[in-house]
Amino acid sequence: MSLNIEAIIADIKVATVLELNDLVKAIEEEFGVTAAAPVAAAGAVAAAAEEQTEFNVELTSAGDAKIKVIKVVREATGLGLKEAKALVDGAPGVIKEAVSKEDAEALKAQLEEVGASVTVK
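Basis of the calculations
- Residues numbered from 1 in each chain as written.
- Predicted model: local features only at pLDDT ≥ 70, side-chain atom pairs only at ≥ 80, totals over all residues.
- Heavy atoms only, no water.
- UniProt positions renumbered as here; feature names shortened; annotations may be inferred.
- Helix = DSSP H or I, 4+ residues; strand = E, 2+ residues; numbered from the N terminus.
- Contact = heavy atoms within 4.5 Å.
- Pairing = 2+ DSSP bridges.
- Axes fitted to C-alpha atoms, helices over the stretch in contact; angles between N-to-C directions.
- Salt bridge = Lys/Arg side-chain N within 4 Å of Asp/Glu carboxyl O.

An unreviewed UniProt entry lists the chain under the name Large ribosomal subunit protein bL12, from Trichococcus flocculiformis. If you open the UniProt record of the chain and go to Sequence similarities (unreviewed entry), you find "Belongs to the bacterial ribosomal protein bL12 family." Of the chain, the UniProt comment under Function (unreviewed entry) reads exactly: "Forms part of the ribosomal stalk which helps the ribosome interact with GTP-bound translation factors. Is thus essential for accurate translation."

Colleague: Any chance you could explain the environment of E97 here in plain terms?
Modeller: For E97, the location among the structural elements is in strand β2 (residues 93-99). Spatially, the C-alpha atoms of E97 and V57 are 6.5 Å apart, while their sequence positions differ by 40 residues. Once residues lying within four places of it in the same chain are set aside, the contact partners of E97 are F55 and N56.

Colleague: Quick question: what am I supposed to make of the sheet that holds strand β3 (residues 117-120) here?
Modeller: Sheets are built from strands paired through backbone hydrogen bonds, the pairs being either parallel or antiparallel. Strand order in this open sheet of three strands is β2-β1-β3, and the pairing throughout is antiparallel. Across the chains shown, the open sheet's two edge strands, defined by having one partner strand only, are β2 and β3. In this sheet, adjacent strand axes meet at a mean angle of 20° when their direction is disregarded.

Colleague: Please explain the pattern of salt bridges as it appears in this structure.
Modeller: Considering all chains together, one arrives at three salt bridges under this definition. Note that D89 is salt-bridged to K66, the shortest N-O span being 2.8 Å. A residue pair is termed long-range when its members are at least 10 positions apart, and D89 in helix α5 (residues 81-89) and K66 in helix α4 (residues 66-77) qualify at 23 residues. Between K85 and D89 there is a salt bridge, and its shortest N-O distance comes to 2.7 Å. Within this pair, K85 and its partner D89 are both found in helix α5, separated by four residues, close to a single helical turn. Each of K66, K85 and D89 takes part in one network of salt bridges that share partners.

Rendered as structure tokens:
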């Protein structure tokens, strides 16, 4: 017995959504498979393959030592005093974008050392 693939596809084209749903359920029960499993597995593989390489350093709070935080922000960004102060006063805000994980962690450590709250995204 050979399959007539064109006939099967023609039948599927004219089937209703309910009929197709019943077909999928019948195939799952008959062969012990799940139609959703390959999609979920493919998504997990894609997520694992896309490891984040660039991070944003966000100042969430300046803390009590605002002047020290402004100095660290100025050193890290190269901004002038006015711009660095505006960035610190406007917290939460991104200080540096698209930096490596090592650079992001180093900047976070510097800022937390002077009392700021920082997140790396």
